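# Working through the structure, step by step
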Amino acid sequence: MINRYVALDVETTGLNPAVDRIIEVGMARVEDGQITQKYSTLVYPGISVSERITELTGIHNEELAGKPRIEEIIGDITRFIGDWPILGHNVTFDFSFLKRAAVNNGYTITDDGIDTLKIARRLLPELEHKNLSFLCQYFNIDPGRSHRAYDDAVSASVLYGKLEKLKQILFQSMLKSLCMKGCLKENILQGIEEKWNC
């Protein structure tokens, strides 16, 4: 488990970073499972937010008037992230929007990422849905205000902790099964458990 990362989520006017715009950024610096710093802001996109996006996020055009444009705050965002890995649910989506904004304004952004969606797909292939809302319900995680950037970033961070615990349980179960089948000696199992703290 990575113990230091920036949990991140963005809300946007659509799905295509080439034409759509960021309307909200939420980030939390997380160290050893604790939020040490947070960053949350609405962003003026320069284009109108559709009714569909307003229904999904609860963000209205009127709320965005007078908010900073992404080019005004992308420097703050990249400094907040620094060289820490970025964690998110389907983090490639969020990263694609931030990367475009960073590059367009002369900044760089780390491409080191932790994707809770990819982890969930590997550990829970039997689940019908793997979106953040469904997984929060599955793991009994309070999602706060779903489809709001900061709350989704925090939810992804809590989900990461739950998925890492599940991974440890599955790993232990597999090792014990191998031991019971005679494929792994008991003393080797104990050594692995001590080394991996499981």
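This text goes with the structure placed above it.
Quick look at the overall build of the protein now. In terms of helices and strands, the protein carries 8 helices and 5 strands. Split into buried and exposed, the 198 residues of the protein put 44% on the buried side.

Here we take up the pairing of strand β3 (residues 34-42). Examined bridge by bridge, strand β2 (residues 22-31) and β3 share 8 bridges and lie antiparallel to one another. Pairing of V25 across the sheet is with T41, part of β3. Counting the residues that bridge the hairpin from β2 to β3 gives 2 residues, and of these D32 lies at a positive phi of roughly 50°.

Attention now moves to the sheet that holds strand β1 (residues 4-12). On the basis of which strands lie adjacent, the open sheet formed by 5 strands has the order β3-β2-β1-β4-β5 and mixed pairing. Because the sheet does not close on itself, it has two edges, and the strands there are β3 and β5 (113-115). Each neighbouring strand pair of the sheet contributes to a mean axis angle of 25°, computed without reference to strand direction. Summarising the sheet, β1 and strand β4 (residues 86-88) pair through 2 bridges and their orientation is parallel.

So, how was this worked out
- Residues numbered from 1 in each chain as written.
- Predicted model: local features only at pLDDT ≥ 70, side-chain atom pairs only at ≥ 80, totals over all residues.
- Heavy atoms only, no water.
- Helix = DSSP H or I, 4+ residues; strand = E, 2+ residues; numbered from the N terminus.
- Buried < 20%, exposed > 50% of the residue type's maximum accessible area, 1.4 Å probe, protein only.
- Pairing = 2+ DSSP bridges.
- Axes fitted to C-alpha atoms, helices over the stretch in contact; angles between N-to-C directions.

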